[in-house]
Amino acid sequence: MSRLIDGKAVAAELRARVAEAVAVLADRDISPGLATVLVGEDPASRVYVRNKIRMCAEVGIRSIEHAPDAGISQAALLDLVGRLNADPEVDGILVQLPLPAGIDASRITEAIDPLKDVDGFHTTNAGRLSAGLEAMVPCTPAGCMILLRSVCPDPKGLRAVVVGRSNIVGKPVAQLLLAAHCTVTIAHSRTVDLDARCREADILIAAVGRAEMIRGGWIGPGATVIDVGINRIEGKDGKGVLVGDVEFEAAKEVAGAITPVPGGVGPMTIACLLRNTVIAACRRRGMDVPEAIPPA
Ligand code: GUN
């Protein structure tokens, strides 16, 4: 029976640390501000953005809300991003994805000033992370690392296997594990002998996006398992249930520590967005980031 990694508790602690850092900045008359751009009426996106704005308020971060309608042209959206880049009151810019058909999301992401790119999606930040330079780190990978360190403070030398190779989770989390001196394998749904590769892991990051694909028997005894997946499947009673990419009930009997779904990585993502906004506010001013902010 493994130790459960409580993402809600770790996220609450991170938000408390962000609030502490915001207070340190307030003493220097700095008030970090996050611009949110919600295009159109997508119900899920509206909920996500509302939660982000609420959490900003809780830690003392200002929100600057923009909600253009779904008919906005790409040129007009690029113009808005340009104005936010130039606005000294804005430290971070979050353009909620997905964007309506007809708008090229990568054109928009690439138009954001990399110093204000609190999602860490800009290729400058991806490249800087790969090169081991200071970068804005995407929120979910940063959350994975903070959860990992909560049970394994120094993962140096351990074998980490990342299952999933997306630009927003798999690749950046692999870079962060490398930076933490792990020996890293990036595997994916087409990896030969994926079960054997997973069994070799001291640290397993599951970010493949397939419900319970990683079976309990694939987990090495004592491994730390971080499950990034959020998949809705039909439960035994016919109702929808959320499950991760790992077969949790079986895996928890073998792993040393494991994140549940929900309540693991999920709560960390917004907390890391708040963290990134404080980091952006400091870096733009050439200031050190307050000590309350943990590394990714
Ligand atoms: N849509 C779903 N998740 C995210 C996220 O983390 N950032 C942005 N910008 N859009 C999203």
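Everything discussed here concerns the structure shown above.
Residues numbered from 1 in each chain as written. Predicted model: local features only at pLDDT ≥ 70, side-chain atom pairs only at ≥ 80, totals over all residues. Heavy atoms only, no water.

### Here's the deal with the overall build of the chain
At step 1: Along its length, the chain carries 10 helices and 11 strands.
At step 2: For 296 residues, the compact-globule estimate of 2.2 N^0.38 gives 19 Å, and the C-alpha radius of gyration of the chain, at 19 Å, lies within 12% of that figure.
At step 3: Its C-alpha atoms give the chain principal-axis dimensions of roughly 50 × 40 × 35 Å.
At step 4: Per-residue burial over the chain gives 50% buried out of 296 residues.
At step 5: Restricting the contact set of the chain to residue pairs at least 6 apart, pairs at least 24 apart contribute 70%.
At step 6: For the chain, the exposed area adds up to about 13,500 Å²; of that, 52% sits on carbon and sulfur atoms.
At step 7: Across the chain, the mean location of the 32 positive side-chain charges is 2 Å away from that of the 35 negative side-chain charges. (Helix = DSSP H or I, 4+ residues; strand = E, 2+ residues; numbered from the N terminus. Rg over C-alpha atoms; globule rule 2.2 N^0.38 Å. Buried < 20%, exposed > 50% of the residue type's maximum accessible area, 1.4 Å probe, protein only. Contact = heavy atoms within 4.5 Å. Areas by Shrake-Rupley, 256 points an atom, 1.4 Å probe, with all protein chains shown as cover. Lys, Arg positive; Asp, Glu negative; His and termini not counted. Charge placed at Lys NZ, Arg CZ, Asp CG, Glu CD.)

### Details of the sheet that holds strand E7 (residues 203–206)
At step 1: What the six strands build is an open sheet, ordered E1-E11-E8-E7-E5-E6; its pairing is parallel. With partners counted over all chains shown, the strands left at the sheet margins are strand E1 (3–4) and strand E6 (183–187), one partner each.
At step 2: The sheet strands contacting helix H6 (residues 139–151) are E1, E7, strand E8 (224–227) and strand E11 (257–258), and the helix crosses E8 at an angle near 155°.
At step 3: Sheet contacts for helix H7 (residues 170–179): strand E5 (159–163), E6 and E7; angle to E5, the most-contacted strand, approximately 170°. (Pairing = 2+ DSSP bridges. Axes fitted to C-alpha atoms, helices over the stretch in contact; angles between N-to-C directions.)

### Quick look at the sheet that holds strand E3 (residues 62–66)
Strand-to-strand pairing in sheets goes through backbone hydrogen bonds, with the strands running parallel or antiparallel.
At step 1: In spatial order, the strands read E3-E2-E4; together these three strands make up an open sheet with parallel pairing. The open sheet terminates on both sides in strands that have one partner only, identified here as E3 and strand E4 (92–95). The sheet shows a mean angle of 20° between the axes of neighbouring strands, taken without regard to direction.
At step 2: Sheet analysis places strand E2 (residues 33–37) next to E3, joined by five bridges and oriented parallel. Counterpart to glycine 33 in the pairing with E3 is arginine 62.

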